[in-house]
Amino acid sequence: MAEAAAIQGTVPSPARRWLRRTASLAVAAPLLAGLLQGVSAPTAAAAESSGGGTVDVSVDTLAPAAPVESDTLTITGTVTNASKQAVTDATVDLRVGPRMTSRSEIDAVADRGGYRDGRDPAPLGGPYTVKIPSLGAGLSRDFTLSVPVSKLDLDDAGVYQLGVSLTGRTGGRSYDRVLGIERTFLPYQPEATEKKTQLTYLWPLISTAHVSAETGANLQQTPVFENDELAAELAPGGRLHEMVALGKDLPVTWVIDPDLLASVNAMTEPYMVKSGTTEVPGRNQAVAEQWLNALEKAVQGRKVVALPFADPDLASLAHHGKEVPGSLSHLQQATALASTTVETILHVKPSTDFSWPVDGAVDPSIMNVATSAGARNVIARSDSFRDDLSYTPTSARPIGGGTTAVVTDATLSKAFQGDMIRAEGSTLAVQEFLAQSLAITLELPEDQRSVVVAPQRMPTTSQAQSMAAALHGLSAQRWTQPLDLLAAVAVKSDPDASKRVPSTRAYPKKLRAQELGTDAFEQMKTTRDELDDFKVILTAPDRVVPPFTNAISREMSTSWRGQAPSAALYRREVLDYLRSLTAEVQLIDKSDLLLSGRSATIPVTVQNKLLQGVDGLVLRLVSGNKTRLKLNGGEAVSELPVKIDGGHSQSVKFTATANANGQVPMTAQLYTADGTPYGKPMTFTVKVSEITPTVMLVIAGGVLLLVLAGVRMYSQRKRAAARNAEAEAETDAQTEAGAEHPAGTGTGTEAEAEAEAASEAAEPGQPSDPTPDTGPESGDPSGPGEKVDR
């Protein structure tokens, strides 16, 4: 890259002025020494020694950031006495020059600490100073320096070192010293260059995972959020609010995580938020709706790049997840979902041809994973994709196989990663960004190049404001011109730029230590497999599958880097919730059963507590002793289909045949249609009794006795009827010859027959089997001594 690139051009007058001052001091030194001979105070040159950072100099504002000759440069800031002694006779000075000759020199100046005699330019002096007679220990003083740009002698275009220093005295020392200095840069390009650098700036809208896998039981499936922190980011002053408010006026390419859009869109309707062990209603629908409306307006007519849903960690997938079955296929699903989500919510068609590994760090495995879901362009970074060139090449690099590496500039991309809350941090970052961009253009002023900038994924509010300030500083387009990312990919590649993908060993150890481990992807696979087993039994799977599929995508999000405990907790909660749903369809425990006949039906109850019906389940009952108890006409195993409406139970009845007394262990297990076990098996015991051959013989003998008794009763009744007829005939004869026989002296035959009939009628018969009573079904386990249906 251009870290050692020389900026072409003649030596500017500020540098000549600085050299002339140095030479004059060298010539005048002997004369001054003679004039001052005998004077105890140090020479004037001693004023250029460092005070060791006694005073902290802060440059809070610099305007305009990229001035032209007709402008007046105004610098404001603060000087703070960090020592325990007062500073007296102090002067705040402006030091300009020399012109930077390479990007690496800009880096060196930015990293330099305290004042260095001979390496920092002389003060501008004259009326462009601020006098501070006294500055007590620990005290601060604001300052403002205003200088016409024409007085800076910036005749030639280029990047100039700009320093603000405080010179004064401390303690008993009666000579001046430079007690503190702050350096920045002044990009000076008064006229537009012939060839402008095409600058592409990515504007990322990405957040962390906020939505859980849980949804409400209502028809609308009210989403449940892990927290309500997203609302704070969307509200005025929040990070995402500022990104939209600033980005709408900037020439940027929007890079959006569709999960963020889906989450905010869910907030526009009623939603719930976890609060300890309960859930409370979310109350930020208006904030979410306002943000989405503002974003939709901001992106109209602009280029939008959609990352795969939930911004999956491509490096983690490549190094730990690709060997776990199903992980890469889930990346493909996340990519397919991206376009639909963005187009549905924002009504713009996004590009899904881009993958963005963390910090643009790549190796062969990452490149393979990044393109496995259909992306043809991989956003890399120059500190990973290194070049051995004296200038900054064009970003687009075709690397074969139809894949293009978009190598972003590392220095520009990392320009706003620091603390931008303090005004000084923001100002220095903006000035260095502008200086680096001008240096790129001046490296090869006769050649136009395309440079892409990819900042951090989730800039803070202050970082976003600093980024916007830098882009506003380029708005005059004197040395850069904006270009969207899709156009940047189409720019002709530099033939000398490196097209070799970095090796696996070159991948940064710091980034590797933050990756999701193989165990994380194994847990995702477990969730995915159990979801597959669950959805096949549901009559309305669309109410369950999308929330869990999206949750699995969030589990592999880049946003979990550096938050391993939180990532593990989220994965566990998703899996636990899925298992709690699958457990709503279960077998009801049974106590031991009593089978007192040869054949019977064995009921097994299946309960469905879900709000939707289940179908496609098979209940399998297995006899632990086929010889003693058979199922389904002689088999040891019997299966019956199960279909239950939501909130209902079903009693599934199996036919059983007993052959011998004793206990028989039984196992009931639900299965899906493809033979996968569903839920836990349920075991119980059937006690078989009174089924031996002797018992059968006794039963047969009893039946025979009943038949014989019936025949005997029929014969006896027939004989009794005959005797009654004879008795009636005799009675009639006696009546006719009543005088011949005294009253009350019968023969006794009729009395005996009646007595015998009464005695036979009094013999008890055989009782029938009692009617079975299974009772109503319930979700409770069956009681002890339960009998099977016969």
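What this report covers is the structure whose coordinates are included nearby. (Residues numbered from 1 in each chain as written. Predicted model: local features only at pLDDT ≥ 70, side-chain atom pairs only at ≥ 80, totals over all residues. Heavy atoms only, no water.)

1. Re the overall build of the protein
- Regarding its fold elements, the protein presents 19 helices and 30 strands.
- For the protein, contacts bridging at least 24 residues in sequence account for 79% of all contacts bridging at least 6.
- When the accessible surface of the protein is summed, it comes to about 36,500 Å², and 53% of that surface belongs to carbon and sulfur atoms. (Helix = DSSP H or I, 4+ residues; strand = E, 2+ residues; numbered from the N terminus. Contact = heavy atoms within 4.5 Å. Areas by Shrake-Rupley, 256 points an atom, 1.4 Å probe, with all protein chains shown as cover.)

2. Concerning the packing of helix α2 (residues 103-111) against helix α11 (residues 423-443)
- Contact pair α2 / α11: the axes reach a minimum separation of 9 Å and the direction vectors enclose 160 degrees. Taken together, the axes of α2 and α11 are roughly antiparallel relative to one another. For the element pair α2 and α11, the recorded crossing hand is right-handed. Contacts between α2 and α11 involve Arg103, Ile106, Asp107 and Ala110 on the former and, on the latter, Glu432, Ala435, Gln436, Ala439, Ile440 and Glu443.
- For the contact of α2 with α11, the class distribution of residues is 5 nonpolar, 1 polar and 4 charged. (Axes fitted to C-alpha atoms, helices over the stretch in contact; angles between N-to-C directions. Parallel < 35°, antiparallel > 145°, perpendicular 65-115°, else oblique. Left-handed = near helix turned anticlockwise from the far one by under 90°. Nonpolar A, V, L, I, M, F, W, Y, C, P; charged D, E, K, R; others polar.)

3. Some words on the sheet that holds strand β27 (residues 648-658)
- Taken together, 4 strands build an open sheet; the order of strands is β21-β23-β27-β25 and the sheet is antiparallel. Both edges of this open sheet fall to β21 (585-587) and β25 (629-631), since each of them pairs with a single strand only. Between one strand axis and the next, the sheet turns by 35 degrees as a mean value, whatever way the strands run.
- In terms of strand pairing, β25 meets β27 through 3 bridges, oriented antiparallel. Considered in β27, the bridge of Lys630 is made with Thr657. (Pairing = 2+ DSSP bridges.)

4. A short note on empty space enclosed by the protein
- Tallied over the full model, the rule gives 6 cavities of 30 Å³ or more.
- Taken as a whole, the largest cavity encloses approximately 70 Å³ of empty space.
- Contributing to the lining of the largest cavity are 12 residues, with Ser382, Thr392, Pro393, Arg397 and Val407 lying nearest its centre.
- When residues of the lining of the second largest cavity are traced back to their parent elements, those giving at least two are α8 (327-346) and β15 (354-355).
- When the residues that make up the lining of the second largest cavity are grouped by side-chain class, the tally is 7 nonpolar, 3 polar and no charged. (1 Å grid on protein atoms, 1.4 Å probe; cavity = no way out; pocket = protein on both sides within 12 Å on 5 of 7 lines; lining within 4 Å. Points joined across faces, edges and corners; volume = space filled by probe spheres on them.)

5. A few points about the pattern of salt bridges
- With the rule as written, the count across this model stands at 24 salt bridges.
- For Arg169, the salt bridge goes to Asp176, with nearest N and O atoms at 3.0 Å.
- The exposure class assigned to Arg169 is partly exposed, which follows from its relative accessible area of 27%.
- Across the pair Lys248 and Asp249 runs a salt bridge whose closest N-O atoms are separated by 3.0 Å.
- A relative accessible area of 43% means that Lys248 is categorised as partly exposed.
- Each of Glu214, Glu226, Lys274 and Glu573 takes part in salt bridges that share partners, so that together they form one network. (Salt bridge = Lys/Arg side-chain N within 4 Å of Asp/Glu carboxyl O. Buried < 20%, exposed > 50% of the residue type's maximum accessible area, 1.4 Å probe, protein only.)

6. So, the environment of Ser384
- Within the fold, Ser384 resides in the loop between β16 (377-381) and β17 (396-400).
- On the basis of relative accessibility, which here comes to 16%, the residue Ser384 falls in the buried class.
- Along the primary structure Ser384 and Pro502 are separated by 118 residues, whereas in three dimensions their C-alpha atoms are 6.8 Å apart.
- Those residues in contact with Ser384 that sit more than four places away from it in its chain are Gly360, Ala361, Val362 and Pro502.

7. Some details on the pairing of strand β12 (residues 272-275)
- In terms of strand pairing, strand β10 (residues 223-225) meets β12 through 2 bridges, oriented parallel. By the bridge assignment, Phe225 is partnered in β12 with Val273.
- With 4 bridges connecting them, β12 and strand β13 (residues 278-281) associate as antiparallel partners. Of the residues in β13, the one forming a bridge with Lys274 is Glu279.
- Taking the residues between adjacent antiparallel strands as the criterion, β12 and β13 are bridged by 2 residues, where Gly276 takes a positive phi near 70 degrees.

8. Points about the environment of Leu292
- Mapped onto the elements, Leu292 comes out in helix α6 (residues 285-299).
- Residues Leu292 and Thr268, 24 residues apart in the sequence, show an inter-C-alpha distance of 9.0 Å.
- Those residues in contact with Leu292, other than ones at most four positions away along the chain, are Leu261, Val264, Asn265, Thr268 and Ile345.

9. A few points about the pairing of strand β23 (residues 599-608)
- Burial runs high along β23: 8 of the 10 residues are buried.
- Pairing between β21 and β23: 3 bridges, direction antiparallel. Bridge pairing in β23 links Leu587 to Val606.
- Both β23 and β27 contribute to a ladder of 10 bridges, which runs antiparallel. Bridge pairing in β27 places Ile602 opposite Phe654.

10. Here's the deal with the packing of aromatic side chains
- Tallying each qualifying case throughout the model produces 6 aromatic pairs.
- Each ring, one from Trp560 and one from Tyr570, has its centre 5.5 Å from the other, and the planes form 40 degrees; the classification is tilted. With Trp560 in the loop between α16 (545-555) and α17 (564-582) and Tyr570 in helix α17, the pair connects residues that are 10 residues apart, well separated along the chain. Note on accessibility: Trp560 and Tyr570 belong to one class, buried. (Phe/Tyr/Trp six-rings, centres within 6.5 Å; stacked < 30°, edge-to-face > 60°.)

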